[in-house]
Amino acid sequence: MVRSTIVVRASDALPLAATVDDEQTEQALQEHKQQAKLVFRRITPNTEPRCSIESGQYTLHYLIADNVVYLVIADKSYPRKLAFSYLDELSKEFTTSYGAKVEAVRKPYAFVGFDTFMGKTTRLYQDTRSAGAGGSNNLDKLNDELQDVTRIMTKNMEELLWRGDSLDSA
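About the cut-offs
Residues numbered from 1 in each chain as written. Predicted model: local features only at pLDDT ≥ 70, side-chain atom pairs only at ≥ 80, totals over all residues. Heavy atoms only, no water. UniProt positions renumbered as here; feature names shortened; annotations may be inferred. Helix = DSSP H or I, 4+ residues; strand = E, 2+ residues; numbered from the N terminus. Buried < 20%, exposed > 50% of the residue type's maximum accessible area, 1.4 Å probe, protein only. Polar contact = N/O pair within 3.5 Å; in protein donor to acceptor, adjacent residues only side chain to side chain. Contact = heavy atoms within 4.5 Å. Salt bridge = Lys/Arg side-chain N within 4 Å of Asp/Glu carboxyl O.

The name an unreviewed UniProt entry gives the protein chain is Protein transport protein SEC22, with Hermanssonia centrifuga as the organism. According to UniProt, the comment filed for the protein chain under the heading Sequence similarities (unreviewed entry) is "Belongs to the synaptobrevin family."

The following block contains the structure:
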């Protein structure tokens with residue numbers, strides 16, 4: 001289940017938008033939100049654009065697109081593909097609505113109105129059985145999974161080459 005979502009500018013970790021959480025959720029996620037802030041500060045241009053970080057009973061999934069980081073805190077049992085489908089949908093809408101304004105913003109939570117869209121989208125993605133909530137078909141899902149595997153293999157190969165290991169020893 002999606003618990004909380006935060007949108008920040010990647011270059012300086014300025015919060016742009018976030019879901020409004022009730023007091024109980026806020027207290028339960030306080031430590032994980034602190035971890036999210038650390039993640040935001042450590043993001044560089046070379047950071048992996050999609051990543052999942054396990055943290056206790058939750059997983060932090062983030063997506064970086066157009067100098068904006070979209071992060072969702074979800075239950076550990078929440079499917080990774082569904083989390084990234086949710087983040088992709090947020091990314092597309094945010095870019096369409098506010099993309100040109102992101103660099104000029106100076107104050108935190110300048111796009112607080114985006115919370116309405118995040119709330120509606122969160123409700124669509126609450127039921128893990130609705131894996132097609134984003135409207136994608138099975139072929140798209142299969143293609144996405146194949147791209148994920150290719151990306152991971154490419155990254156592993158680059159790390160091997162960077163360390164100077166030969167491919168024969170792998």
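Engineer: I'd like to hear about the side chain of Asp 75, residue by residue, with values.
Structural biologist: Relative to the helices and strands, Asp 75 resides in strand E5 (residues 68–75). Using a relative accessible area of 15% as the deciding quantity, one classes Asp 75 as buried. In this structure the side chain of Asp 75 is engaged in a polar contact, spanning 2.9 Å, whose partner is the side chain of Arg 3. Discounting chain neighbours no more than four positions away, the residues touching Asp 75 are Met 1, Arg 3, Gln 57, Tyr 58 and Thr 59.

Engineer: So, the pattern of salt bridges: which residues are in play, and what are the values?
Structural biologist: Following the criterion strictly, the structure yields six salt bridges and no others. Here Arg 9 ties to Asp 12 by a salt bridge, and the two come within 2.8 Å at their closest N and O atoms. Classification of Arg 9 by relative accessible area gives buried; the value is 3%. By relative accessible area, Asp 12 is classed as partly exposed at 45%. As a salt-bridge pair, Lys 33 and Asp 21 come within 2.5 Å of each other at their nearest N and O atoms. You can see Lys 33 sitting in helix H2 (residues 30–42) and its partner Asp 21 sitting in the loop between strand E2 (15–18) and helix H1 (23–28), a full 12 residues away along the chain. Take Lys 33: its relative accessible area is 13%, and that puts it in the buried class. By relative accessible area, Asp 21 is classed as buried at 16%.

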